[in-house]
Amino acid sequence: MTSVITGDIINSGQFKSPEIWLAPIKEALIKTGINKKYWEIYRGDSFQIEVRNIQESFIISLYLKACIKVIKNLDVRIAIGVGNKTFEGKTIAESNGEAFQFSGNTLENLKKEKANLMIKSKHSDFDKEMNLYFKLASIAMDNWTPNSAEVAKLSYEYPKSTQEELAKLINISQDAVSKRAKRAHLDKLFELDLMFRLKLEKLIS
């Protein structure tokens with residue numbers, strides 16, 4: 001089994017230069033540590049990444065969203081597909097299987113439902129439960145300010161750093177980092193990530 005994240009940028013048409021989001025999303029995809037063979041940016045404002053460690057798919061989705069929300073007035077729709085991989089091409093665009101199909105089809109459904117995060121697998125009960133949690137989590141994530149998104153982004157990039165250390169990276173006080181993290185509901189989102197991992201582990205064991 002594998003997982004595939006497909007995303008597209010919301011409000012990209014409001015900006016004259018695609019570099020505004022292309023550079024940050026490319027940097028984010030690189031910082032996931034996943035080989036370039038397993039991700040690509042296409043159509044100028046869409047991307048896809050295969051996350052073979054499927055338990056990492058939610059936290060990587062959260063990170064990619066944070067990297068886009070750092071830019072004022074931008075957001076991203078993200079669809080996670082979990083399933084088999086039946087063919088591995090030279091690039092991710094050439095690969096195929098359930099995970100790819102689930103992810104692509106779910107992204108189209110997100111547009112219709114006006115939602116920004118959803119998962120699809122062969123396990124409908126798991127999907128139903130997780131998508132309810134994702135809807136609730138999106139209430140927080142969709143309303144991240146650039147400042148809150150920045151703290152979420154740094155929390156992923158420097159998971160072992162204290163708030164004081166994160167504060168030094170962006171030249172603000174530790175108290176300001178704490179307030180931004182609380183406004184971003186990062187503690188609850190990290191709890192959700194832990195639950196997501198545990199439920200997936202039971203699902204695939």
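Here, the structure is the one placed above.
Within any chain, residue numbers begin from 1 and follow the written order of that chain's sequence. Where local features are concerned, this predicted model is filtered to residues with pLDDT of at least 70; where side-chain atom pairs are given and counted, the filter is 80 or more; whole-chain, interface and lining totals use all residues. Side-chain numbers here rest on the full set of heavy atoms in the structure, without hydrogens or water.

Okay, the overall build of the chain next. Helix and strand assignments follow DSSP, with helices taken as H or I runs no shorter than four residues and strands as E runs no shorter than two, numbered in order from the N terminus. Within the chain one finds eight helices and five strands. The C-alpha atoms of the chain give a radius of gyration of 16 Å, which matches the 17 Å a tight globule of 205 residues would have. The principal-axis extent of the C-alpha atoms belonging to the chain is close to 50 × 40 × 30 Å. Looking at the chain residue by residue over its 205 residues, the buried ones come to 50%. Pairs at least 24 apart in sequence give 69% of the contacts found in the chain among residues at least 6 apart. Taken over C-alpha atoms, the radius of gyration is set against a globule rule of 2.2 Å times the number of residues to the power 0.38. Throughout this description, buried means an accessible area under 20% of the type-specific maximum (1.4 Å probe, protein chains only), exposed means over 50%, and partly exposed covers the range between. Here, residues are in contact when the closest pair of their heavy atoms is within 4.5 Å.

Once that is clear, we can look at the pairing of strand β1 (residues 2–10). Counting buried positions along β1 gives nine out of nine residues, so the element sits mostly inside the fold. Two strands pair when backbone bridges link them, and β1 and strand β4 (residues 75–83) are joined in this way by nine bridges, in the antiparallel orientation. Looking at the pairing, Ser3 lines up with Val82 of β4. In the sheet, β1 pairs with strand β3 (residues 46–51) via six bridges, with the strands oriented antiparallel. Bridge pairing in β3 places Ser3 opposite Val51. By the convention used here, strands pair only if DSSP detects at least 2 bridges between them.

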